[in-house]
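Commentary on secondary and tertiary structure
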Amino acid sequence: MKKYKNKVIKKFRSKLEQTCWDLLKESGLEYYYEPFKVPLIEGFEFNNDSWEKVGKEYKLQKRKVQKMTYTPDFVSLPTLSNKLWIIETKGYPTDSFKLKWKLLKQYALQNDCDWLLMMPTNKSDIEKSIEIIQRCGN
């Protein structure tokens, strides 16, 4: 996938991420870009046989199933008085991303994370997200 660079040193996976970076910078909000991974599903051993297509081959798969994580695009700096906000820019959410987003919400509930989640899909949505964050006092 093509990476986009801003004038500083950041590389982005899409033009929408670049736009979000620029608008957040312009807003004066403090934030991190892809600062951490959230564990959605732990890795595990699958002891039964699992035959799957890999490339053009249909073959027996490994027993170890990899963990699944989620890396948020933009996250607020943690403070004592404000809730953490996450902006995930997605122009066209895939089915696999939609599953990860649901698992992220489940993770937040199970771990008492008081997060403000936002998934803008265009520049206008990003601007609205920034307005909401500023109204919330972050």
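Residues numbered from 1 in each chain as written. Predicted model: local features only at pLDDT ≥ 70, side-chain atom pairs only at ≥ 80, totals over all residues. Heavy atoms only, no water.

For the protein, the count of helices and strands is three helices and twelve strands. Here the protein has roughly 9800 Å² of accessible surface; of this, 51% comes from carbon and sulfur atoms. (Helix = DSSP H or I, 4+ residues; strand = E, 2+ residues; numbered from the N terminus. Areas by Shrake-Rupley, 256 points an atom, 1.4 Å probe, with all protein chains shown as cover.)

This part is about the packing of helix H1 (residues 15-27) against helix H3 (residues 123-135). It is the contact of H1 with H3, at a shortest axis distance of 10 Å, that shows an interaxial angle of 35°. The handedness of the crossing between H1 and H3 comes out as right-handed. For the pair formed by H1 and H3, the contact residues are Leu16, Thr19, Cys20, Leu23, Leu24 and Ser27 on the first element and Lys123, Ile126, Glu127, Ile130 and Gln134 on the second. Among the residues forming the contact of H1 with H3, the class breakdown is six nonpolar, three polar and two charged. (Axes fitted to C-alpha atoms, helices over the stretch in contact; angles between N-to-C directions. Left-handed = near helix turned anticlockwise from the far one by under 90°. Contact = heavy atoms within 4.5 Å. Nonpolar A, V, L, I, M, F, W, Y, C, P; charged D, E, K, R; others polar.)

A separate point is the side chain of Glu88. Residue position: Glu88 is located in the loop between strand S11 (84-87) and helix H2 (95-110). The exposure class assigned to Glu88 is buried, which follows from its relative accessible area of 2%. Here Asp73 takes part through its backbone nitrogen, which lies 3.3 Å from a polar atom of the side chain of Glu88. Each residue touching Glu88, except ones within four places of it in the same chain, is listed here: Tyr70, Thr71, Pro72, Asp73, Phe97, Trp101, Met118, Met119 and Pro120. (Buried < 20%, exposed > 50% of the residue type's maximum accessible area, 1.4 Å probe, protein only. Polar contact = N/O pair within 3.5 Å; in protein donor to acceptor, adjacent residues only side chain to side chain.)

What follows concerns the nonpolar core. Of all hydrophobic cores here, the largest spans 17 residues; its most connected members are Leu24, Phe74, Trp85, Ile87 and Ile133. Those elements that place two or more of their residues in this core are H1, strand S3 (31-33), S11, strand S12 (115-118) and H3. A total of five residues in this core trace back to one element, the largest contributor, which is H1. In terms of nonpolar packing, the next biggest core, distinct from the first, is built from twelve residues, Leu40, Ile86, Trp101 and Leu103 among them. (Core = buried A, V, L, I, M, F, W, Y, C linked by side-chain atoms within 4.5 Å.)

Along any regular strand, the residues point their side chains to alternate faces of the sheet. Pairing analysis gives four bridges linking S11 to S12, with the strands arranged parallel. The residue of S12 that forms the bridge with Ile86 is Leu117. In this fold, the crossover linking S11 to S12 by way of H2 has right-handed handedness. (Pairing = 2+ DSSP bridges. Right-handed = clockwise from strand over helix to strand, strands pointing away.)

Before going further, it helps to spend a moment on a negative patch on the surface. A cluster of acidic residues, Asp22, Glu26, Glu127 and Glu131, forms a negative patch at the surface. For the negative patch, the secondary structure elements donating two or more residues are H1 and H3. (Patch = residues over 30% accessible without salt bridge, like charges linked within 9 Å, V, L, I, M, F, W, Y side chains within 5 Å. Salt bridge = Lys/Arg side-chain N within 4 Å of Asp/Glu carboxyl O. Lys, Arg positive; Asp, Glu negative; His and termini not counted. Charge placed at Lys NZ, Arg CZ, Asp CG, Glu CD.)

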